[in-house]
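Here's the letter readout for the chains.
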Amino acid sequence: MSSKLSQKMGLGAGGMIGGRVALKLDPQALRRLTTGRRVALVTGTNGKTTSTMMLSRAVTALGEVATNHSGANMPDGHVTALSKQPDAPYAVLEVDEGYFPAVAAAAQPDVVVLLNLSRDQLDRVGEVRTIERSLRDTIARLRGCTVIANCDDIMVTSAAKDAHRVVWVATGTGWHHDSASCPRCGEPIRWQGEHWQCSTCDLARPKPDWVTTDGFLIAPNASKVALSLRLPGKFNQANAVMATAAAAALGVQIEEAVRRLRGVSNVAGRYRMIQRSGHTARLLLSKNPAGWSETLTVVKESDHPAVLVINANEADGRDLSWLWDVPFERLRGRTVIASGERATDLAVRLTYAEVEHKIVPDPLLAIDALPEGAVEVIANYTAFRDLNARSASE
Amino acid sequence: MSDSTVRIALVLPDLLGTYGDFGNAVVLDKRLAWRGISSEIISVNFGEAVPDSCDIYVVGGGEDTAQTLAVRHLRDNPGLQRAAARGAVVLGVCAGIQIFGEKFTRADDVTHPGLGLIDSVSYAGGSRAIGEVLAKPANGLFEGFLTGFENHQGRTELGPAAQPLAHVTVGTGNDGKVEGAVQGKILCTYLHGPVLPRNPQIADLLIEWATGVKLSPLDLPAVTRLRAERSKAAGQRADA
């Protein structure tokens, strides 16, 4: 009922209101709803929704899975998802980094997937080192939990290192701009090829158990499995290998896990193609510098015109300084439209990147303004959400 | 300038680059290039010696730990201080304003010595100042208004040798009244945005200090439009 109300009021996809009411009535709801289930929590800055979907698909090999598909990744979203499937013996939950300590304490997970940590919404989420510290303290206290951690990410390695058991995954992805100094002791980190280590303390890249190579994973038993994903980009390969390692920790066979998760093609509207006025537009979500940097690599595979959509609502973070950390220079020579509520901030960034562009604040009109054919649309959080909803209804 | 290329040092972007501070260096570089003045950006990373031969130094904001490390590194490698002493131009943003002062005290009540480049002390305020800022020039230092986004807990008191950069209309700045500091050719501000893309007149002021060349304005419609939008948004913060 309240889910329907939430949908009607346009408050979201109905993923949260029911949970919010339940939590108000029963603050122990999350603990109660996870008791007796095998629980996996997925957190990190980027790739949470995709990895959660991949992992939940893989775990269906073992039985029914309760999961918060819609990206409603705070406790009320978890309660809603768990309440909808009270009998599912498995739960795979995407968790906002800021809520991770509270959710992990309540859910006592069997598996935690720690993807990556980089700057994101500094005015809302807080600074990366603060997040790393709170994840580290929480993870060290979890008993009987296996942490699946990206060892190419220094912050993640530090956060996961003290866990009861860690499975290290070399994903080949990591944002290094927030970790010049060691999160443990503050001294400089030194790099040598893919290996990194602190110049002073013992924090160093652990030997990976799983390795991501171009289009393949190498499992701890040295078997090499083709990923053949439908989703583009290196970061989705990283998500897939993290999800496979987590599924394996829960008892799914490796080939079986990959076979199931490879079918993921559209994650809450991400990577969805929309047809509009003679255009085929691919919708891509990017929320922060690390995400944009990866997405610009994906769109570089062709030279289609691009519509870039930027909002700065509370859920996006109101400080747009991060636009200057994104290498928009890579779009030089391409047809580009700056769009969204903060199109002008983006236009200034593009001006200094020497990327020619037009400003069309409405993203659908921006697509219409381009020559017919393929278009890449990259949007940040609320811009993406709104665009997805509008393009579905028009 | 020792030769015809303006050298812009981006100081410790790996520690003090949390708020897109790279953008300040890009704006200086492009505004020089578009006027036919050759320039280059030199990134000085954590663990590397700080050159004393650059013309403009850009220092950004960072998290508390990073800020402490940055001060230590800059004290151990005093190229920036030597350059400032001979009159090089320095821009300090957010953490910059705190570490350039005599000392700064954190929320944990620990006081750290600063670099002593400007006559100021900083301390932790009761609340975090977050939001759009609008300010008017102090002492006729620049034209028009100053716009930016602040996100800091620090407050700063200026001594007699330092002048404020601006008077706050909306937001907090140093103390709710004034924003930033200017002492010789060192200019500090709490504002991100970053500050130079939003305030081209400040970028050109720094360039003029460094080159001695009087610059003609550049017409960038997106920048004009952005300033109008942000000024309006700051007005809405004031009304809220």
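Residues numbered from 1 in each chain as written. Chains lettered and ligands numbered in written order. Predicted model: local features only at pLDDT ≥ 70, side-chain atom pairs only at ≥ 80, totals over all residues. Heavy atoms only, no water.

All names here are of chain A. With respect to the helices and strands, the residue Thr67 is situated in strand β2 (residues 65-67). Residue classification places Thr67 among the buried positions, given a relative accessible area of 11%. Within the local environment of Thr67, its side chain forms a polar contact with the backbone oxygen of Val92, the two atoms lying 2.7 Å apart. Ignoring sequence-local partners within four residues, the contact set of Thr67 consists of Thr52, Ser56, Ala81, Gln85, Val92 and Leu93. (Helix = DSSP H or I, 4+ residues; strand = E, 2+ residues; numbered from the N terminus. Buried < 20%, exposed > 50% of the residue type's maximum accessible area, 1.4 Å probe, protein only. Polar contact = N/O pair within 3.5 Å; in protein donor to acceptor, adjacent residues only side chain to side chain. Contact = heavy atoms within 4.5 Å.)

Before going further, it helps to examine the sheet that holds strand β4 (residues 89-93) of chain B. Residue and element names in this part refer to chain B. Spatially, the 6 strands line up as an open sheet ordered β2-β1-β3-β4-β12-β11, and their pairing is mixed. The open sheet terminates on both sides in strands that have one partner only, identified here as β2 (39-44) and β11 (181-183). Strand-to-strand twist of the sheet, defined as the mean angle between neighbouring strand axes without regard to direction, takes the value 15°. Across 3 bridges, β11 lies against strand β12 (residues 186-189) in antiparallel orientation. Paired with Ala181 across the strands is Cys188, a residue of β12. Along the sheet, helix α6 (residues 200-211) contacts β1 (6-11), β3 (56-59), β4, β11 and β12; its crossing angle with β12, the most-contacted strand, is approximately 160°. (Pairing = 2+ DSSP bridges. Axes fitted to C-alpha atoms, helices over the stretch in contact; angles between N-to-C directions.)

On to the packing of aromatic side chains. Going through the model one piece at a time under the given rule, you end up with 4 aromatic pairs over all chains. Plain terms: the ring middles of Trp324(A) and Tyr352(A) are 5.9 Å apart, the flat faces sit at 50° to each other, and that makes the pair tilted. Of this pair, Trp324(A) sits in the loop between β14 (306-309) and β15 (336-339) while Tyr352(A) is found in helix α12 (residues 343-352), placing the two residues 28 residues apart along the sequence. In this structure, Trp324(A) and Tyr352(A) share a single accessibility class: buried. Taken together through their ring pairs, the aromatic side chains of Trp292(A), Trp322(A) and Phe328(A) make up a single cluster. The ring of Phe216(A) has Lys224(A) lying over it, and the distance from NZ or CZ to the ring centre is 4.7 Å. Over the face of the ring belonging to Phe145(B) we find Arg227(B), whose NZ or CZ atom lies 4.1 Å from the ring centre. (Phe/Tyr/Trp six-rings, centres within 6.5 Å; stacked < 30°, edge-to-face > 60°. Lys NZ or Arg CZ within 6 Å of the ring centre and 35° of its normal.)

Residue and element names in this part refer to chain A. Here the domain parsing of chain A yields domain 1 (2-261) and domain 2 (273-393). For domain 1 versus domain 2, the distance between C-alpha centres works out to 27 Å. With 13 residues of domain 1 at the interface, the matching set in domain 2 holds 17 residues. Applying the counting rule to domain 1 against domain 2 returns 0 salt bridges. (Domains from an automatic or database assignment. Salt bridge = Lys/Arg side-chain N within 4 Å of Asp/Glu carboxyl O.)

For any two helices packed against each other, the geometry is given by the interaxial angle and the distance between the axes. Look at α12(A) against helix α7 (residues 221-239) of chain B: their axes get within 9 Å of each other, and the N-to-C directions meet at 150°. Here α7(B) runs roughly antiparallel to α12(A), going by the angle between their axes. Along this stretch, α12(A) crosses α7(B), giving a crossing that reads as left-handed. Listed contacts from α7(B) to Thr344(A), Asp345(A), Ala347(A), Val348(A), Thr351(A) and Tyr352(A) of α12(A) are Ala222(B), Val223(B), Arg225(B), Leu226(B), Glu229(B) and Arg230(B). Taken together, the residues of the contact of α12(A) with α7(B) break down into 6 nonpolar, 2 polar and 4 charged. (Parallel < 35°, antiparallel > 145°, perpendicular 65-115°, else oblique. Left-handed = near helix turned anticlockwise from the far one by under 90°. Nonpolar A, V, L, I, M, F, W, Y, C, P; charged D, E, K, R; others polar.)

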